[in-house]
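Fold and contact review
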Amino acid sequence: MDPLDPADQPDTDPTEAFRDAFRRHPAGVTIITAVYQGKPFGFTATSVSSLSAAPPRFTFNMARTSSSWPAIANTNYIGVHMLGLANRELADRFARSRNRFEGDHWKPGPHGVPLLDDVAAHLIGRISMRLSFENNAVVVAEVQSGEVGPLGVPLLYHGGAYGQPTALDYEI
């Protein structure tokens, strides 16, 4: 068996390999919010990433079949909320519930963007690009403003469940 010969490689399902690989890749948990036609929209996302520092930009991916896609597709400003361990219930609410904005856990912010209370940080971004690819989209936003909350333990998504980082006995 030649490990460099593709014909000698075991047959693997690429979809299963993809899912298994990304279950092993921890990601920070965020909530993206927007307002569209006077109504707040939001969803939990693990695909948020910094894109550039100058100017400050971030990016995220989403399904264009999402109930929040019309808001993201038709608005100029969005909020991204970085979540801490204390925000687990909020992450679940925005991932699984249709009643995401019932209650007093948010307020309208700049440009009407819904701002969630008691999160690790939030940024308001102006959308500068939407790139559609099949049933998905990559969205790029330039930061207009933001706030950070107190330091805390970040909320991670790993192995199909929420978790938290574990400190190592090594410091840089």
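Throughout what follows, the structure given in this document is the object of discussion. Within every chain, residues take consecutive numbers counted from 1 along the sequence as written. In view of the model being predicted, local features appear only for residues whose pLDDT reaches at least 70, and side-chain atom pairs are presented and counted only at 80 or more, with totals across whole chains, interfaces and linings using the full set of residues. Excluding hydrogens and water, the side-chain figures rest on all heavy atoms present in the structure.

1. Concerning the environment of Leu-131
Considering the arrangement of structural elements, one finds Leu-131 in strand S9 (residues 121–133). Sequence separation between Leu-131 and Asn-61 is 70 residues; the distance between their C-alpha atoms is 9.4 Å. Strands are runs of DSSP state E lasting at least 2 residues, helices are runs of H or I lasting at least 4, and numbering of each runs from the N terminus.

2. Structural notes on the sheet that holds strand S2 (residues 30–36)
Here a strand pair is declared whenever DSSP counts at least two bridges between the two strands. If you trace the seven strands from one edge of the open sheet to the other, you get S3-S2-S6-S9-S10-S5-S4, paired in antiparallel fashion. The open sheet terminates on both sides in strands that have one partner only, identified here as strand S3 (39–45) and strand S4 (49–53). Here the average twist between neighbouring strands, direction ignored, is 30°. Direction of pairing for S2 relative to strand S6 (residues 77–82): antiparallel, over a ladder of four bridges. Of the residues in S6, the one forming a bridge with Thr-30 is Met-82. Contact criterion: two residues are considered in contact whenever any of their non-hydrogen atoms come within 4.5 Å of each other. Axis angles are defined between N-to-C directions and span 0 to 180 degrees, where every axis is a line fitted to C-alpha atoms and, for a helix, only to the segment in contact. Of the strands in this sheet, S2 and S3 are in contact with helix H3 (residues 88–96), which crosses S3 at around 110°.

3. Overview of H3
The cut-offs for exposure are 20% and 50% of the maximum accessible area for each residue type, with area from a 1.4 Å probe on protein chains only; residues under the lower value are buried, those over the upper are exposed, and the others partly exposed. Among the residues making up H3, those that are buried are Leu-90, Ala-91 and Phe-94. The arc that holds every buried residue of H3, seen down its axis, measures 100°, which confines them to one face. Relative to its buried face, H3 has exposed residues pointing more than 90 degrees away, namely Glu-89 and Arg-96. Residues of H3 that are buried make contact with S2, S3, strand S8 (114–116) and strand S12 (161–163). Starting at the helix axis, one direction is taken to each C-beta atom, and the arc is that of these directions.

4. Details of the nonpolar core
Put simply, a nonpolar core is a bunch of buried Ala, Val, Leu, Ile, Met, Phe, Trp, Tyr and Cys residues held in one set by side-chain atoms that sit within 4.5 Å of each other. In this structure, Ile-32, Phe-43, Phe-60, Ile-72 and Ile-78 are the most contacted members of the largest nonpolar core, which totals 17 residues. Counting residues per element, the ones that place at least two in this core are S2, S3, strand S5 (56–63), helix H2 (69–73), S6 and strand S10 (136–148). Apart from the residues within four sequence positions on either side, Ile-78 is in contact with Thr-33, Ala-34, Phe-58, Phe-60, Ile-72, Val-113, Leu-123, Ile-124, Gly-125, Ile-127 and Ala-141. If you look at the next biggest cluster of nonpolar residues, it comprises 11 residues, including Ile-31, Leu-90, Ala-91 and Leu-155.

5. Comments concerning the packing of aromatic side chains
Pairs were defined over the aromatic rings of Phe, Tyr and Trp, the Trp ring being its six-membered one, requiring ring centres within 6.5 Å. Orientation was assigned from the angle between planes: stacked under 30 degrees, edge-to-face over 60, tilted for the rest. Inspection of every chain in the model, using the stated rule, returns six aromatic pairs. Taking the centre distance of 4.9 Å and the plane angle of 45° together, the rings of Phe-18 and Phe-22 count as tilted. In this pair, Phe-18 and Phe-22 both sit in helix H1 (residues 14–23), four residues apart, roughly one turn of the helix. Pairing Tyr-157 with Tyr-162 gives two aromatic rings, centres 5.8 Å apart and planes at 70°, and the pair type is edge-to-face.

6. Regarding the pairing of S3
Counting buried residues in S3 gives five out of seven residues, a clear majority hidden from the surface. Relative to S3, S2 is paired through seven bridges, and the arrangement is antiparallel. Of the residues in S3, the one forming a bridge with Tyr-36 is Lys-39. In this antiparallel pair of consecutive strands, S2 and S3, the connection spans two residues, and Gln-37 shows a positive phi of 50°.

7. Some remarks on the environment of Arg-24
Relative to the assigned elements, Arg-24 resides in the loop between H1 and strand S1 (27–28). Taking relative accessible area as the criterion, Arg-24 reaches 61% and is therefore assigned exposed.

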